[in-house]
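Okay, here's what each chain looks like letter by letter:
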Amino acid sequence: MTLHTLRHTFCTKLAGAELNPKSLQYLMGHASIAMTLDYYTHANIQTVKEEFNKLAM
């Protein structure tokens, strides 16, 4: 594990906690929101299932 891996995990966890994407972009120090959302946040099967469950309610 590297510090860069932890940075990705940190960003993904904050995005999952529904932090405002623009605030997350600022916190990560990225010039574009695309960098934050497309490269630093990651989905997994568990988060996808949770999102689908929200739709079913």
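Residues numbered from 1 in each chain as written. Predicted model: local features only at pLDDT ≥ 70, side-chain atom pairs only at ≥ 80, totals over all residues. Heavy atoms only, no water.

Caption draft 1: Main features of the environment of Tyr39. Of note, Tyr39 is situated in helix H3 (residues 33–40). On the basis of relative accessible area, Tyr39 is assigned to the exposed category, the value being 53%. Tyr39 sits 28 residues away from Cys11 along the chain, and the two C-alpha atoms are 9.9 Å apart. Ignoring anything within four residues of it in the chain, the contact list for Tyr39 reads His8 and Ala34. (Helix = DSSP H or I, 4+ residues; strand = E, 2+ residues; numbered from the N terminus. Buried < 20%, exposed > 50% of the residue type's maximum accessible area, 1.4 Å probe, protein only. Contact = heavy atoms within 4.5 Å.)

Caption draft 2: Unusual backbone geometry, seen in detail. Look at Glu18: it is not a glycine, yet its phi comes out positive at around 65°. By the element assignment, Glu18 lies in the loop between helix H1 (3–16) and helix H2 (21–28).

Caption draft 3: Main features of the confidence of the model for the protein. Here the protein shows a mean pLDDT of 91. Residues at 70 or above account for 100%. At the low end of the mean pLDDT range in the protein sits helix H4 (residues 45–56), at 88; at the high end sits H2, at 96. (pLDDT = per-residue confidence, 0-100.)

Caption draft 4: Spatial organisation of H4. For H4, with 12 residues, the first-to-last C-alpha span of 17 Å sits near the 16 Å given by 1.5 Å per residue. You can read the cap of H4 off the contacts: a side-chain oxygen lies 2.9 Å from the backbone nitrogen of Gln46, and it is on Asn44. (Expected span 1.5 Å × (residues − 1). Polar contact = N/O pair within 3.5 Å; in protein donor to acceptor, adjacent residues only side chain to side chain.)

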